[in-house]
Each structure stands twice: as structure tokens, then as C-alpha cells.
Amino acid sequence: MSAAAFFRRPAVVLVLALCVVGGGVSLMSRLASGPSAELKRVALPHEGGAEAAPAFSPDGAQLAFSARDAGRKAPYHIRVRTLADGAMEQLTDGAASDLGPAWSPDGGSIAFLRIDEGRARYLVIPAHGGQVRQVADFPAPDPAPGPETAACWTRDGQSIYVVRWADGEPRTIAAIPAGGGAPRRITQPPAGSKGDGSPAISPDGSTLAFLRETSAKDDPGGDSEGRNGSDIYLADLSGNNLRRLTFDKAAIHGIAWSADGKEVIYAARRLDQEKLWRVAAGGGSPRNVLAGGRNPAYPAVAPAGHRLAFTERPQLDTIWRADLTASDPAATARQLIHSDGREERPSWSPDGKRIANISSQTGYDEVWVGDADGAHRMPITHLKPWRLGPPRWSPDGRTILFVVRGNGTMEVDRVASDGRTPPARVALPDGSHEVCWSHDGQWVYFQAMGLWKARLNGQQAQKLVPSWEAGEPEESADGKALYFRRERSIWRVPAGGGAEEEVIHPEHDTRWPAYQATAAGLYYLELDREERAVAARFYDLRSKKSRELLQLPVTDPSDVSALAVSPDGKYVLYPTVDRDATTLVLTENFR
């Protein structure tokens, strides 16, 4: 058929006509609405320290936020900044932390959460400062919440929806009269879940959005890593007509409604991107909010004025080294490995001459290997994965095992420690993770709804611990036992299977996954929440006693999540946040 004949066919003519009409309608729409303005980032004054959880006044002209001076132990206070001239006023002070401000609909008051002496108190203060009044008082959670929004007002200003904590129960959303009074429970999180938080009421006052956090036990099929995570849920103001809006089970840092109430804006890591996302309130696939920002969190949308604000968190994780043989180990601590990304999960080679770790300096988690002094580092994987698990050296130092975590997948891979051959999958069941070698290099231990032992080819698999709560396996130096973590304690079981035995039940929390087995005993990290300190300790297997080796010189103990002691016992490596000064970002022309 000739081209002329083809284009004369009635169906083709109809399609072409519809395209022309559609194009004309699109053009007329753009002409009527004017050219779309690009998002514009506006610099805001910053006094140092941390700024978080912004909230716009009803007219969009002011920002209330939580801020603290430099130093992670400093409390947060409520400040208000006028956007036109940058003028800033601090509304609260004192030793307590004041978090998550929320404006009343008339702009005359600000509600916020105060964490003080074990209590979570909701207070209201005039927007220009003055006497605070309490509207609710609950037990404070441990650990204390971050600066995320924990309160929002109903459209008529008569009620405040808040996060409610209670001993032995998951947190819930409750409504309290704005003048104070008994709370009324709104949401009903599943028993055993972490509960609900970050309430936000739609601009028309009809719909409540909130985050529901579940654990791997509550929703074992919802997350490939077996971790906790959150999703956005919607309900009416009575908590009825509940529906789930997102299905990522991700770490979500704040939610907000768009000004027209048609979308929910949220900050989360999804598709291997830590960004702001927007999802239609009626459901659908989330889209990236092209607002820039490094590790954005706590978004806020102005009711008027087409403005978006959020917290930017340019934090970097670095690896530090301290000398455990020095008279004052803390004085020897120095930064050993750092880059423009996260430097995590250090691991010494068996001969102590090299260090492997997970680095995101290329934009993706990859396994890097370098000298023991931090020099001559290079990536030995180029997978561009979602996340990688910790590197585990083979006894001969030639091979490294690690876990590859994808979006809904998880597998164990191996790679040559010199990087000369590409990674290859290990023949273990799908979903295997938390892997380690036996000391003879003939077996691997791993978690797959229980702790298992198998050959590297997956053969001769034997289940040693049936509990899915058991994790972080480490074989004893003599190969006769397998240590593992369960809740706060460190346990062991015979390497061939048998009765489980609790080895260490520390006075304070052990830091997951921070322990290491040696012939003489166990190195581990212990977190003292009351003293806000974290210490490296050693448990002697012969004396069955533990001693402190080093109180880590860090500003926030909760930042330290792992340790690695050199084979000769001289040095300890630990990752921690190097920079955590958060700032507010204002974006104009947000629609």
C-alpha cells in the first residue's frame, strides 16, 4: 500500500484528527494558564546547628520550625522566621526539646510537642510568643522522637490531632480538644506494630494522612531486607475508611498535603533515591518532586503562595580509628576513611593489612577495599544496587561475601578481594542475608527465617536456630560454636546444632550488629541511653566478666552502629556521622 493510500484510510484520518485536536487543547491550556514557572530555590539565613520540621503559617508568609544550636545534645526550640525580610524570633527556650510546630488555622497559635523528664507534653503558644498552655500529657517514648511533626489542627481549629504514646502499646493518633481535655483515639494500629505517627489533615479538613510503621514480624512479605518501614495511610477524621496509599515499606521522614489537597508529598528513600516524592491522594505511582536538596526530610507546603519548604540533611558517615592499647584510647581517635558519601560497615582482612567497607561515594553502595591506613582504596564491585550488606572476608583473605539488596530481592554474592573478577551469586536460598564464613572456609552461616549452615554451593544445609529473631552469626575461633544476636543478648549454639545458651546479657543495649568474636572473648558495643554514651567493651570467656575498653568520643551515640577490631586487638574501627548540621530549604513556584 502506498503512503498516500495509507493516510487516506478512515481510521488513520480519525487518529490524526484526534492528535491535532488534543495538541490544540494542550496548547490553549498552556496559553490560558501562562508559561509554567521553574522551581526556584531561595536561600534562607542559617545560624548554624540544626533546623528541622518547617511549618508554614496559613498565609504562607512565615515559617515555624524546630532548631537547636551546634552540638547534638542541645535541645530543640521553636523559632519563627518571616520570609519577606528573614527576621527570626525564638518562641521557646529551656532544657526541654520542643518539636514539630503546627500553626492553628487562624494563624494565631502554634502547637508543638515538648519532651521533658520522661513526658511527652503537647503545648500551645501564641504565634508571636507568650505564655504556653498544656493541652495533653503522655509518657515519652524511649528513645525520644526526632523533630518530625507530631501534631496538626482540624480546619475549624477546635481539635488537635497528635501522636499518643502509652506504655506497652504501639503509638496511635489521638484527637484532643484545642482547649485541653481527654484524648480520643483515632487510629487502631495492629498489635505488635510500631504504630502510627506524623498526622496531617487535608486542606478541606476531611481526610487524615499518617504514617504506619510495621516490623518485619508484622509484615514479613513486605520488605526484602526484613527491616522495619513505614507507609502512608489515609482515613476520615474518625479513623474509618482506612486505606493504604504507598506500598514501599520505606523509611519515611515526614508527609504534607499539596495546597489543593490532591496529592501527598513525602520524603523517603525509594528506587535507590533519597528524595521528595508526590503521590495522588486517590492512589497511583509516586513521582519525584524536582526540588533538589540532599537527603530531604520533613516537607511542608504553604496553603497559599506556591511555596515548598523542607529540611536538607547533608550528613556524611565516616569511619574512625582508635588505639585500644593506648593509655587514653579516646585521645587517639582519628578519622580514617571519609568521602562525599556514606562510609559504613568496616571489616579487617584476616592479616590486618587491608580494610573493606561499604561506600556510597559513587552514588551507589559498593564494596571498597584499601590499605589498613585508609590509603589506596578502590571499589571491587560496580553493581549499582539498592543497598549492600556488610563485607565478610574469607579466612584466606581472597574472597569477600556480601548481601545484595534490591527492590524486593535479596541474595548473597561473592567477589575476589582484589577486584579482578566480577561478583557472582552464591547458591544460597533467595532472601538469605547476615552471612559469615566458618574459620576453615568450608561453610557459610546465614539468616533465612532462622540461622542456617551450608556449603558455599548451598549443599548440606542445616538449620541451627529456628527463630527468625536470631541474627548476626559469628563462628567461634575454634569452630565449635556459633554466636548470634537475639534482642539485647548475645547467644551461642554448637556449630553442629544443639542447645542454645545465652552468653552476654548486658546492663544496657547492645548495638546491632556491633560485636566480634575472638579466641579470648567477644568485643561489642553497649549503648547507655540515659547517659547518652556508647562504649566498646570486651567479654572474657574464661572469667565471664566484661570490661570497658573505650567510651567512643562521639556527639551522638545512636550514630554508631558497628565496630571492627583488628586481628592483633590494637585498633578499633567505628562508623559515625561526621556532619549533621541540617538546614531549611525554601522553594518558590511549587505547584
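Each remark here, short or long, concerns the structure printed above.
An account of the accompanying structure is given in this report.

Cut-offs used in this document
Residues numbered from 1 in each chain as written. Predicted model: local features only at pLDDT ≥ 70, side-chain atom pairs only at ≥ 80, totals over all residues. Heavy atoms only, no water. Helix = DSSP H or I, 4+ residues; strand = E, 2+ residues; numbered from the N terminus. Buried < 20%, exposed > 50% of the residue type's maximum accessible area, 1.4 Å probe, protein only. Contact = heavy atoms within 4.5 Å. Areas by Shrake-Rupley, 256 points an atom, 1.4 Å probe, with all protein chains shown as cover. Pairing = 2+ DSSP bridges. Axes fitted to C-alpha atoms, helices over the stretch in contact; angles between N-to-C directions. Polar contact = N/O pair within 3.5 Å; in protein donor to acceptor, adjacent residues only side chain to side chain.

Summing up its helical and strand segments, the protein chain has 2 helices and 49 strands in all. Put simply, the protein chain has 591 residues, and 51% of those count as buried. Restricting to contacts in the protein chain with at least 6 residues of sequence separation, those with at least 24 account for 41%. When the accessible surface of the protein chain is summed, it comes to about 26900 Å², and 49% of that surface belongs to carbon and sulfur atoms.

This part is about the sheet that holds strand S2 (residues 50–56). Reading across from one edge, S2-S3-S4-S5 is the order of the 4 strands in this open sheet, with antiparallel pairing throughout. The open sheet is flanked by S2 and strand S5 (88–90), the only strands paired with a single partner. Pairs of neighbouring strands in the sheet enclose a mean axial angle of 25°, with direction left out of account. With 3 bridges joining them, strand S4 (residues 77–82) and S5 adopt antiparallel strand pairing. When the bridges of S5 are listed, arginine 81 appears paired with methionine 88.

A positive phi angle is found at tyrosine 298, which is not glycine, with a value near 50°. Mapped onto the secondary structure, tyrosine 298 falls in strand S22 (residues 296–301). Overall, tyrosine 298 belongs to the buried group, its relative accessible area being 15%.

Moving on to the side chain of glutamine 447. Looking at the secondary structure, you find glutamine 447 in strand S36 (residues 443–447). Among the polar contacts listed, one links the side chain of glutamine 447 to the backbone nitrogen of glycine 450, at a separation of 2.6 Å. Not counting residues within four places of it along the chain, the set of residues in contact with glutamine 447 comprises Gly431, Ser432, His433, Glu434, Ser467, Trp468, Ala470 and Gly471.

Below, the discussion takes up the pairing of strand S32 (residues 399–405). It is a general feature of regular strands that their side chains alternate between the two faces of the sheet. Along S32, 7 of the 7 residues are buried, which leaves the element largely enclosed by surrounding structure. Burial along S32 is two-sided: Thr399, Leu401, Val403 and Arg405 facing one way and Ile400, Phe402 and Val404 facing the other are all buried. Bridge count for strand S30 (residues 387–388) against S32 is 2 bridges, and the pairing is antiparallel. In the strand pairing of S32, leucine 388 is matched with valine 404. As paired strands, strand S31 (residues 392–393) and S32 are joined by 2 bridges and run antiparallel to one another. Bridged to arginine 392 within S32 is leucine 401. Here S31 hands over to S32 after 5 residues, with glycine 397 in that stretch at a positive phi of 75°. Pairing geometry for S32 and strand S33 (residues 410–416), over 7 bridges, is antiparallel. Bridge pairing links valine 403 to valine 412 in S33.

Attention now goes to the side chain of histidine 77. Position of histidine 77 relative to the elements: it lies in strand S4. With relative accessibility at 11%, the residue histidine 77 sits in the buried group. Here the side chain of histidine 77 touches glycine 94 through a polar contact of 2.7 Å, landing on its backbone oxygen. Histidine 77 has contacts with Phe65, Ser66, Ala67, Gln90, Thr92, Asp93, Gly94, Ala96 and Asp98, leaving out every residue within four places of it along the chain.

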